[in-house]
Amino acid sequence: MSTTRSTSATRAAPSGRASAALREPTAAVYESALALIGLLHRHGLTDARIAQATGIETGRRYEPDARLPLSQIERLWELAAEATRNPGVALQLHLHYPENKLHFVAHVGMRSRTLREALEHWRKYAPLVCEADDVDFIVEGSHARFLYTCRDPRYDSRWFAEHFLALAAWFGRSFTGQPLRPHAVRFMHPDPGCAQAYHQAFDGAPVTFLAQDNSLVFDARYLDLPFRTADSYLQHFLTQKADELKRRLEREAPVGNRVMFAISALIQRREEVTFERVSELLEQSPRKLRVVLEAEGRRFRELVDEVRRHAAARYLQWGLPISQVAELLGFSEPSALQHAFRRWFQTSPGSFRAQLRAGHWSTSEGASPWPCRPSVSYTHLTLPTKLEV
């Protein structure tokens, strides 16, 4: 991957924000949201209590392709961790899926011939699970790395990273029938204090927190392991339907959101952020993309600035060093981040983090770095002797 950094967009970014809030991304109801709702019911929460806390109408019947705003899914995870007193709930939820009740994209993957082919399908169809999801894998010599990133920094919650990496490990073991043990696991968020849940989810592999990415490192030879669930006939029809659903989702998504997703993906991959590169990712000519983007009242450099603003706030909340945040967001040096941060929040990164820790952070209306309250910390909770969700 390219390590070229983008600084021109930062220097040229205007002090104002985009003219209106970007549309909130959506995520599929099946299967994790329904599993979380079932979990909450088993712990005694009523539909009314769940709706009050999350805004989700749990008493209704959802169609297989139903979707919910991502902020509601995020609050559902928070409520589940609180109700179960289990901060490791995202690492374990897949163990409580009803038999064969997996998302459509998982069914596409499990019919693949090998783990490599399954990961390629997951990379292509991840937005069907959640519009903000981005998964990838990279081969680095004798090792491979599976990566999860949230392309919308407004919703970059640890629940999503934990759930997807635990799912990836579980899928690999389940579909190959082999005990695939990761060499290492990395998360960008701080340690939530549930070592036993991490040990179980990743078969004792060492876990690093406050890392540069969310990833699983494993033996590259695993990629060519055959799937015992492979079915090329069924997969032919599943991928046709997946392509149809993906096209429909892309047509319905505002261009501003799609551009923001592409910007975020490039930043997180350490690639140069240019309008031409974003146009290439979205498979549109730069001229046509600029016309459509301006018709929505968006400017490319404002969107680059917005992605960085939200991501910087989230990373500082997690506790990443300022120098690391500057590197992750493509600033030429920490002082450039310091300057941008004062423009965004009228305070320094250090002061911002101190106020967050003290619970004193407040902003003028509309200036909050998050669409809803920051993720609740459950580091004070202890796991029961027997892990149950």
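Refer to the preceding data block for the structure.
Everything quoted here is computed from the prediction, not taken from an experiment.

Visitor: How should I be thinking about the pairing of strand S3 (residues 133-140) in this particular structure?
Guide: Side chains on a regular strand alternate between the two faces of the sheet. Of all eight residues in S3, six are buried; the element is thus mostly enclosed. With eight bridges connecting them, S3 and strand S4 (residues 143-150) associate as antiparallel partners. Looking at S4, one finds that Ile138 is bridged to Arg145. Counted between consecutive antiparallel strands, the loop separating S3 from S4 contains two residues, among which Gly141 sits at a positive phi close to 65°.

Visitor: Help me understand unusual backbone geometry, please; the structure alone is not making it clear to me.
Guide: Most peptide bonds take the trans form, and the phi angle of most residues other than glycine is negative. A cis amide bond, omega 0°, links Tyr30 with the succeeding residue Glu31. With respect to the helices and strands, the residue Glu31 is situated in the loop between strand S1 (26-28) and helix H2 (32-42). A positive phi angle is found at Asp203, which is not glycine, with a value near 55°. Looking at where Asp203 falls in the secondary structure, it is placed in the loop between helix H9 (195-201) and strand S6 (207-208). Residue classification places Asp203 among the partly exposed residues on the basis of a relative accessible area of 41%. Look at Arg270: it is not a glycine, yet its phi comes out positive at around 65°. Relative to the elements of secondary structure, Arg270 occurs in the loop between helix H11 (255-268) and helix H12 (275-281). Since its relative accessible area comes to 16%, Arg270 is described here as buried.

Visitor: Help me understand the environment of Trp344 in this model?
Guide: Inspection of the secondary structure puts Trp344 in helix H16 (residues 334-345). Overall, Trp344 belongs to the buried group, its relative accessible area being 4%. Considering only alpha carbons, one finds Trp344 and Asp305, 39 residues apart in sequence, at a separation of 9.2 Å.

Visitor: Help me understand the packing of aromatic side chains in this model?
Guide: A complete count under the given rule lists 23 aromatic pairs for this structure. Ring centres of Tyr148 and Phe164 lie 4.9 Å apart, and the angle between their planes is 5°; this geometry places the pair in the stacked category. Separated by 16 residues along the polypeptide, Tyr148 in strand S4 and Phe164 in helix H8 (residues 158-176) bring together distant segments of the chain. Arg290 extends its terminal NZ or CZ atom over the ring of Phe275, reaching a point 4.1 Å from the ring centre. Seen from the ring of Phe331, Arg308 lies directly overhead, with NZ or CZ sitting 4.6 Å from the centre.

Visitor: What is the right way to look at H16 in this model?
Guide: For the α-helix, the turn length of 3.6 residues means that residues three or four positions removed from each other point alike. With twelve residues, H16 extends 16 Å between its outermost C-alpha atoms, agreeing within 8% with the 16 Å of an ideal straight helix rising 1.5 Å per residue. For H16, every residue scored as buried is listed here: Leu337, Ala340, Phe341, Trp344 and Phe345. Viewed along the axis of H16, the buried residues span an arc of 110°, placing them on a single side of the element. In the core, the buried residues of H16 are packed alongside helix H14 (300-318), helix H15 (322-328) and helix H17 (349-358). Looking one or two residues past H16, Gln346 carries a phi angle of roughly 55°, positive in sign.

Cut-off values and rules
Residues numbered from 1 in each chain as written. Predicted model: local features only at pLDDT ≥ 70, side-chain atom pairs only at ≥ 80, totals over all residues. Heavy atoms only, no water. Buried < 20%, exposed > 50% of the residue type's maximum accessible area, 1.4 Å probe, protein only. Helix = DSSP H or I, 4+ residues; strand = E, 2+ residues; numbered from the N terminus. Pairing = 2+ DSSP bridges. Phe/Tyr/Trp six-rings, centres within 6.5 Å; stacked < 30°, edge-to-face > 60°. Lys NZ or Arg CZ within 6 Å of the ring centre and 35° of its normal. Expected span 1.5 Å × (residues − 1). Arc of directions from axis to C-beta. Contact = heavy atoms within 4.5 Å.

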